Structure formats: C-alpha cells, structure tokens
Amino acid sequence: LPKVAVVLLRVRSEWDSSGDPERTASELSSMDTMVREEVSRFDGFVAARVGTLWQAIFGARTGIDDQDERAVLAALNIRQRLTDGETRTVRAAVVSSEVSVEALDDCHTLLPRVPSMEVWVSDQTHQRTESKIDYKPATSGMWSAAGVA
C-alpha cells in the first residue's frame with residue numbers, strides 16, 4: 001500500500017468572536033490562500049476545509065519516499081506564515097500511515113491534545129523524519145516538531 005502523511009491543522013484568532021461577517025470572510029480567505037500555497041509548495045493537496053480546520057494529504061512521489069518530511073515542513077511553514085505579526089494561534093497534527101483513513105482518524109484523535117502553537121507528529125512520522133527535523137518529546141509517544149535539523 002502507498003504511504004501517506006496527513007496534516008490536520010486548526011487556527012484560532014481574535015476575530016473568531018468579533019461577530020463581523022465581512023472580517024471573518026476576509027480572514028478565512030486570507031488564511032485559506034496561505035495554507036493552500038504552503039501545502040502545494042510541498043507537493044501535497046488540501047483535501048478538506050471546514051471553517052478554520054484544514055486537512056492536507058501528502059502522498060509518496062514516484063521514486064521518492066519523503067511525504068512525511070514534506071508534511072511536517074508544510075505544517076511548520078503554515079504555522080510561521082499564519083502567526084507572523086498576527087494574533088492567531090495554530091495547532092497541527094501530522095500522522096503517517098499506509099492507509100489515509102487510519103491516518104486521518106489518528107490526526108482527529110491527536111489534534112485536541114496538541115497545545116497552541118505546536119506541531120505534533122506520531123511516533124512513526126518522527127522515526128521517518130528525525131534526521132531532517134528537530135523534535136522534542138511531547139507526551140504518550142508523540143513528538144513536537146521544533147524546526148529543520
């Protein structure tokens with residue numbers, strides 16, 4: 001089976017509670033553009049978006065088994081772009097699996113445990129990317145991505 005890496009990303013901002021529909025639409029559009037640009041830059045695709053929750057999938061490229069690294073780098077770059085000079089917070093979960101449904105389920109389980117402004121990855125993703133990404137232990141076999149090694 002082909003391997004995939006799934007990123008589940010949630011953004012929060014002060015405008016969430018502003019009640020201004022025009023500002024909300026503008027913010028969501030701006031964030032969606034940034035998320036899609038970064039996911040595309042790392043050869044993934046946004047499979048779904050509901051409000052401020054995005055699901056991106058990174059598949060293996062022909063002859064190159066680097067989807068895990070690309071997914072983590074995309075999540076780190078998205079966090080940087082969305083919070084640079086803004087009052088937004090980002091949390092992301094990255095899970096690698098041979099089955100995308102399993103990876104997505106694992107992301108949904110993991111994301112609520114991820115502290116604000118962190119990108120957590122599963123143990124399998126950590127093992128496959130630890131030579132390229134710096135990590136610190138999180139909890140229960142999860143790892144917090146700190147940046148490029």
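Look up a bit, the structure's there.
Let me sum up the structure you'll find in this document. (Residues numbered from 1 in each chain as written. Predicted model: local features only at pLDDT ≥ 70, side-chain atom pairs only at ≥ 80, totals over all residues. Heavy atoms only, no water.)

**Some remarks on the environment of Ile57**
As for its placement among the helices and strands, Ile57 is situated in strand β3 (residues 53-59). In the structure, Ile57 is positioned 53 residues away from Val4 in sequence and 6.8 Å away in space, judged by C-alpha atoms. Apart from the residues within four sequence positions on either side, Ile57 is in contact with Val4, Ala5, Val6, Gly44, Phe45 and Ala47. (Helix = DSSP H or I, 4+ residues; strand = E, 2+ residues; numbered from the N terminus. Contact = heavy atoms within 4.5 Å.)

**Remarks on the nonpolar core**
Formed by 30 residues in total, the largest nonpolar core has its most connected members in Val7, Leu9, Val35, Phe58, Val72, Leu82 and Val94. Breaking this core down by element, the ones donating at least two residues are β1 (4-12), α1 (21-41), β3, α2 (67-83), β4 (89-97), β5 (119-121) and β6 (133-137). Considering each element in turn, this core owes the most residues, 8 residues, to α2. Core analysis: the next-biggest nonpolar cluster, separate from the first, contains 15 residues, Leu8, Leu53, Val95 and Cys107 among them. (Core = buried A, V, L, I, M, F, W, Y, C linked by side-chain atoms within 4.5 Å. Buried < 20%, exposed > 50% of the residue type's maximum accessible area, 1.4 Å probe, protein only.)

**Focus on the pairing of β3**
With respect to burial, β3 is a largely interior element, 6 of its 7 residues being buried. Note that β1 and β3 share 7 bridges and pair antiparallel. Paired with Leu8 across the strands is Gln55, a residue of β3. By the bridge criterion, 5 bridges tie strand β2 (residues 45-50) to β3 in an arrangement that is antiparallel. (Pairing = 2+ DSSP bridges.)

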